[in-house]
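Listed here are the chains, written in short residue letters.
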Amino acid sequence: MIPRHLVIAMSVLLAAVLALTIYALHMRKTAAATTATATDTRPLAPPIAGPTERVTLYVAHDDDGTLRAESARIPLPSGRQQRAEELLRALVSLYVDKSSPHLLSPGSEVRSVFLVDPGVAVIDLNSAFADTHRSGVLVEELTVTSLIHTISTNTPGILKVKILVDGKDRVTLAGHADLSSFYDVTAVNQLATQLQ
């Protein structure tokens, strides 16, 4: 016959093992559910609807280091700031496409554009745009010139442009193009003319 205190000890140990197994299964389900919902919690912007307008996008071409004007029809909202955002989003969507003449990595996007009077535009890019951008003087300058020339040509009254990454200042785009100060639109437009 087994002593009574040994039976009680074995019962307590068996109950503890059972409780820990149930707790571990519960934690595994909780962790799986948390991982599944934490992938992308940003709100989606509603799709732009309504009539399309003809705009001019200045598209960089890496093969010959030029900037070419391309006409496009895109839906544009009525607000000036939202129009500027949609212009740059249309330009970046061209660059993300695999057949792009100036390829950016998937996930690169314009987070927002702020138009601050008098004549200042702030372009906020996401970290994927800057962190995965190819490094090189010409490649980075083509990107910056393309963004600034597109927004200034299609949005009158912009005199200076500041580029942020995830809402914060950044010294360079990918090691070369200076993002620490404001760009003078007149100087950028002269460079864009030379690159055409």
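All values reported here derive from a predicted model rather than from experimental measurement. (Residues numbered from 1 in each chain as written. Predicted model: local features only at pLDDT ≥ 70, side-chain atom pairs only at ≥ 80, totals over all residues. Heavy atoms only, no water.)

**With respect to the pattern of salt bridges**
Item 1. Applying the stated criterion across every chain, the model contains 9 salt bridges.
Item 2. Close ionic contact of Glu85 with Arg89 constitutes a salt bridge, the shortest N to O distance being 3.5 Å. Of this pair, Glu85 and Arg89 are both found in helix H2 (residues 80–96), 4 residues apart, which corresponds to roughly one turn of the helix.
Item 3. Classification of Glu85 by relative accessible area gives buried; the value is 13%.
Item 4. A salt bridge links Arg111 to Asp166, with the nearest nitrogen and oxygen atoms 3.7 Å apart. In this pair, Arg111 is assigned in strand E3 (residues 110–116) and Asp166 in the loop between strand E5 (160–165) and strand E6 (183–184), connecting sequence segments 55 residues apart.
Item 5. Residue class for Arg111 comes out partly exposed when judged on its relative accessible area of 38%.
Item 6. Taken together, the shared-partner salt bridges connect Glu85, Glu86 and Arg89 into one network. (Salt bridge = Lys/Arg side-chain N within 4 Å of Asp/Glu carboxyl O. Helix = DSSP H or I, 4+ residues; strand = E, 2+ residues; numbered from the N terminus. Buried < 20%, exposed > 50% of the residue type's maximum accessible area, 1.4 Å probe, protein only.)

**Topic: the environment of Pro3**
Item 1. Relative to the helices and strands, Pro3 resides in the segment before helix H1 (4–37).
Item 2. For the pair Pro3 and Ser93, spaced 90 residues apart in sequence, the C-alpha to C-alpha distance is 76 Å.

**Here we look at H2**
Item 1. Along its 17 residues, H2 runs 25 Å from first to last C-alpha, staying within 8% of the 24 Å computed at 1.5 Å per residue.
Item 2. When we look at burial in H2, the residues that qualify are Ala84, Glu85, Glu86, Leu87, Leu88, Ala90, Leu91, Val92 and Tyr95.
Item 3. Contacts from the buried residues of H2 go to strand E1 (52–61), strand E2 (66–75), E3, strand E4 (120–125), helix H3 (127–131) and helix H4 (137–154). (Expected span 1.5 Å × (residues − 1). Contact = heavy atoms within 4.5 Å.)

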